[in-house]
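# Descriptive analysis of the structure
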Amino acid sequence: MREKGKVVACKNNIAKVKVIKHSACSKCDRDCPLSNSESHEQEEMIFDVKNNIGANQGDWVSIELKSRNLVLSSLIIYLMPILNMIIGYFFGQWLGIKYNLLPSEISGIFGTLLFLFLSYLFLKYINFKLEKNNRINPKIVKIHNDSRYNNYLLKN
């Protein structure tokens, strides 16, 4: 996945790049009742990006994040907590029935909350490890010196 943005700050080997987040409707040329809604406005986002090619503040750049990494990250972030909650419910229910401490439904709810919390801790750990991995993080791949980027929709 490639996006274009403007470097707003540089420090050491990291650049802060401002990118416009486009909605799906912003690329559509059809008239629809939703197109005048505020939900289709563009938002600006700032990313910390690895700057190996020497981009400076004010430069227009292309940043890249491999699509494979994006899909894998999305699967981990969204599916893991749901699966852990389901597993936690049945594990809690099993413990409730086996040891007869609480009614099985209540122990299932406690198991769900416990496994949800454990998935949160695991995701924090994964995030900590992946931040150090250079293959996962986005990086600047090209500096644009073309004047057409000066009129890009991005504000200073």
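My aim in this report is to walk through the structure given alongside it, one point at a time. (Residues numbered from 1 in each chain as written. Predicted model: local features only at pLDDT ≥ 70, side-chain atom pairs only at ≥ 80, totals over all residues. Heavy atoms only, no water.)

## Regarding the overall build of the protein
The helix and strand inventory of the protein stands at two helices and five strands. Helices and strands in the protein line up, N terminus first, as β-β-β-β-α-α-β. Of all 156 residues assigned to the protein, the portion counted as buried reaches 26%. Looking at the protein alone, contacts between residues at least 24 apart form 74% of all its contacts between residues at least 6 apart. For the protein, the accessible surface area stands at approximately 11600 Å², while carbon and sulfur atoms represent 58% of it. (Helix = DSSP H or I, 4+ residues; strand = E, 2+ residues; numbered from the N terminus. Buried < 20%, exposed > 50% of the residue type's maximum accessible area, 1.4 Å probe, protein only. Contact = heavy atoms within 4.5 Å. Areas by Shrake-Rupley, 256 points an atom, 1.4 Å probe, with all protein chains shown as cover.)

## Considerations on the pattern of salt bridges
Scanning the entire structure with this criterion turns up three salt bridges. The closest approach of N and O atoms between E44 and K18, which form a salt bridge, is 3.9 Å. In this pair, E44 is assigned in strand β3 (residues 43-50) and K18 in strand β2 (residues 14-21), connecting sequence segments 26 residues apart. (Salt bridge = Lys/Arg side-chain N within 4 Å of Asp/Glu carboxyl O.)

## Regarding the layout of surface pockets
Of the pockets and cavities examined, the second largest pocket occupies roughly 160 Å³. Taken together, F91, G92, L95, G96, Y99, L101, L102, S107, F110, G111, L114 and F115 make up the full set of residues lining the second largest pocket. Among the residues making up the lining of the second largest pocket, the classes are represented as eight nonpolar, four polar and no charged. (1 Å grid on protein atoms, 1.4 Å probe; cavity = no way out; pocket = protein on both sides within 12 Å on 5 of 7 lines; lining within 4 Å. Points joined across faces, edges and corners; volume = space filled by probe spheres on them. Nonpolar A, V, L, I, M, F, W, Y, C, P; charged D, E, K, R; others polar.)

## A look at the pairing of strand β1 (residues 2-11)
In summary, the side chains of a regular strand alternate between the two faces of the sheet. Sheet topology note: the β1/strand β4 (residues 60-64) ladder contains five bridges and is antiparallel. Bridging from a neighbouring strand, E3 pairs with I63 of β4. Across six bridges, the pairing between β1 and β2 is antiparallel. Bridge pairing links C10 to A15 in β2. Between β1 and β2, which pair antiparallel and follow one another directly, the connecting turn spans two residues, one of which, N12, has a positive phi of 55 degrees. (Pairing = 2+ DSSP bridges.)

## Considerations on a nonpolar patch on the surface
A cluster of nonpolar residues, V71, L75, L79, I82, L83, I86, I87 and F90, forms a patch on the protein surface that exposes about 760 Å² of accessible area. Tracing the chain through its elements places L83 in helix α1 (residues 67-99). (Patch = residues over 30% accessible without salt bridge, like charges linked within 9 Å, V, L, I, M, F, W, Y side chains within 5 Å.)

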